[in-house]
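Structure assessment
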Amino acid sequence: MTFNDDAKYSGKGVRKSGRRTGLAVGGGGLGLVAIVLLSQLLGVDLSGLMGGGTDPSGQDETTALTNCLTGEDANTDVECRVGLTRDSLEDYWAEQAPAMGISYSSPIIQLFSGGVDTGCGAATSAVGPFYCPADQQIYLDTAFYDTLRTEFGATAGPLSQLYVVGHEWGHHVQNRAGTFASTDTSQAGPTSDAVRVEVQADCFAGAWLGSAAQTTDAEGTRLLEPITEAQIADALNAASAIGDDRIQEKTQGQVNPETWTHGSSEMRQRWFQAGYTNGAEACDTFAVADAEL
Ligand SMILES: [Zn+2]
């Protein structure tokens, strides 16, 4: 178990939607930044999955997670786990982001199954979890956790599930910070801005988790039980498993660094650990020289 059984869930910021039909296509408004973000985690080519230019106001009605009340629910139900994860991320970044000079508001997390329309176009579960800068929402099909375990060998324990959400939230922090506007993510080499964006999101996830054991609910009850070394290793295993190099090894039989968009597993683990140990201030991946990335 990861969450404190007695922790209360706020019920904010997580919605569920069903499968979409009638995908809107047109406009071609999907930028390279969005493609880089959306193809993260599974490294798939999104060109066949994306509609582009979808109007976010055309979303299906969504429902809040009304069956999630406590940390005990989060320990037994994967959707409730995402809900309490969001509470913890919100607590951390609502304080941390302004301290870093970032004008901040928290994202919505949209749970879906099958397919979903987003401000970045239509997507299916095959994309894996992603963040859409255009509508500032995190999209997550919780079945991805099963994929993570069966396809990529990650043990995918509760903390690694939290890590995946923390990584996507890291992209939201970058969006609020103006990082996407100030970087060139059209290049995909191992020291490219695209890789620096990705390992910074890993570092931000680590920074949050390093602080999360101190996060409390409104009544002062800690959300998370103390994090163990074994759980950290598990989360790092997830970071490793969704590194593009591992995915390339599985799908192509060889690693081609020139097409990396996430950085190597070693790089991702090192930046996760930097954030976990030293906090979000240690996550300026754009300031370090190529050799130190
Ligand atoms: Zn990413």
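Below is a summary of the structure that appears in this document.

What counts and how
- Within each chain, residue numbers correspond to sequence positions counted from 1 in written order.
- Local features in this predicted model are restricted to residues whose pLDDT is 70 or higher, and side-chain atom pairs enter the listing and the counts only when it is 80 or higher, whereas totals over whole chains, interfaces and linings include all residues.
- Excluded from the side-chain calculation are hydrogens and water; included are all heavy atoms of the structure.
- We count a stretch as a helix when DSSP gives it H or I for four or more residues in a row; a strand needs E for two or more, and each element gets its number in order from the N terminus.
- The contact criterion used throughout is that any non-hydrogen atoms of two residues lie within 4.5 Å.
- Salt bridges are defined as contacts in which a side-chain nitrogen from Lys or Arg sits within 4 Å of a carboxyl oxygen from Asp or Glu.
- Only protein chains enter the accessibility calculation, which uses a 1.4 Å probe; a residue is then buried when its area is under 20% of its type maximum, exposed when over 50%, and partly exposed in between.
- Coordinating donors are taken to be N, O and S atoms lying within 2.8 Å of the metal, or within 3.2 Å when the metal is Na, K or Ca; because water is excluded from the atom set, some sites may appear incomplete.
- Under the convention used throughout, the expected extent of a helix is 1.5 Å for every residue step, that is, one less than its residue count.
- Under this definition, polar contacts are N or O atom pairs within 3.5 Å; protein pairs additionally need one hydrogen-donor-capable and one acceptor-capable atom, and for neighbouring residues in sequence, both atoms have to be side-chain atoms.
- Note that a disulfide, as used here, is simply two cysteine sulfur atoms within 2.5 Å.
- The rule is short: rings of Phe, Tyr and Trp, with Trp giving its six-membered ring, pair when the centres are within 6.5 Å, and they are stacked under 30 degrees, edge-to-face over 60, tilted in between.

Things to note about the environment of leucine 293
In this fold, leucine 293 is placed in the segment after α10 (265-278). The spacing of leucine 293 and glycine 263 is 30 residues in sequence and 9.1 Å in space, taken between C-alpha atoms. Beyond its immediate sequence surroundings of up to four residues, leucine 293 is in contact with Pro190, Thr191, Val195, Arg196, Val199, Met267, Arg270, Trp271, Thr285 and Val288.

Points about the pattern of salt bridges
All chains considered together, the criterion is met by five salt bridges. Residue arginine 196 is joined to aspartate 290 by a salt bridge in which the shortest nitrogen-to-oxygen separation is 2.6 Å. With a gap of 94 residues between them, arginine 196 in helix α7 (residues 193-212) and aspartate 290 in the segment after α10 connect regions that are remote in the sequence. Residue arginine 196 is classed as buried on the basis of its relative accessible area, which comes to 6%. Of the charged contacts, one joins aspartate 202 and arginine 268 as a salt bridge, the two residues approaching to 2.6 Å between their closest N and O atoms. One end of the pair, aspartate 202, is in helix α7; the other, arginine 268, is in helix α10, and 66 residues separate them in sequence. Neither residue differs from the other here; aspartate 202 and arginine 268 are each classed as buried.

Here's the deal with the coordination of the zinc ion
Listed as protein donors to the zinc ion are His167 (NE2), His171 (NE2) and Glu198 (OE); their distances from the metal cover 2.0 to 2.1 Å. Of note, the zinc ion draws all its donor residues from one chain, in the sequence arrangement H-x3-H-x26-E. Highlighted residues: histidine 171 in helix α5 (residues 158-177) and glutamate 198 in helix α7, separated in sequence by 27 residues. The exposure class of histidine 171 is buried, given its relative accessible area of 0%. A residue is classified by how much of its surface remains accessible, and glutamate 198, at 0% relative accessible area, is buried.

Quick notes on α5
Every α-helix carries 3.6 residues per turn, so stepping three or four residues along brings you back to the same face. Taking 1.5 Å as the rise per residue, α5 with 20 residues should run 28 Å; its terminal C-alpha atoms sit 29 Å apart, in good agreement. The buried count for α5 comes to 16 of 20 residues, which makes it a mostly enclosed element. Glycine 178, located one to two residues past α5, shows a positive phi value of around 80°.

Thoughts on the side chain of histidine 167
With respect to the element layout, histidine 167 can be found in helix α5. A polar contact is formed between the side chain of histidine 167 and the side chain of histidine 171, at a distance of 3.2 Å.

A few points about the state of the cysteines
Throughout the structure, instances matching the rule amount to three disulfides. Residue cysteine 68 pairs covalently with cysteine 80 via a disulfide, S to S 2.1 Å. A torsion of -80° about the S-S bond marks the disulfide between cysteine 68 and cysteine 80 as left-handed. With a gap of twelve residues between them, cysteine 68 in the loop between β2 (63-64) and α2 (71-76) and cysteine 80 in helix α3 (residues 78-99) connect regions that are remote in the sequence. Here the two residues cysteine 68 and cysteine 80 agree in accessibility, since each one is buried. By sequence order of its bonded cysteines, the protein chain has the disulfide arrangement 1-2, 3-4, 5-6.

Quick word on the packing of aromatic side chains
Within the structure shown, the criterion is met by five aromatic pairs. Their ring planes at 70° and their centres at 5.0 Å tell us that tryptophan 93 and phenylalanine 204 sit as a pair that is edge-to-face. Residue tryptophan 93 is located in helix α3, and its partner phenylalanine 204 is located in helix α7; the two are separated by 111 residues in the primary sequence. When sorted by exposure, tryptophan 93 lands in the same class as phenylalanine 204, which is buried.

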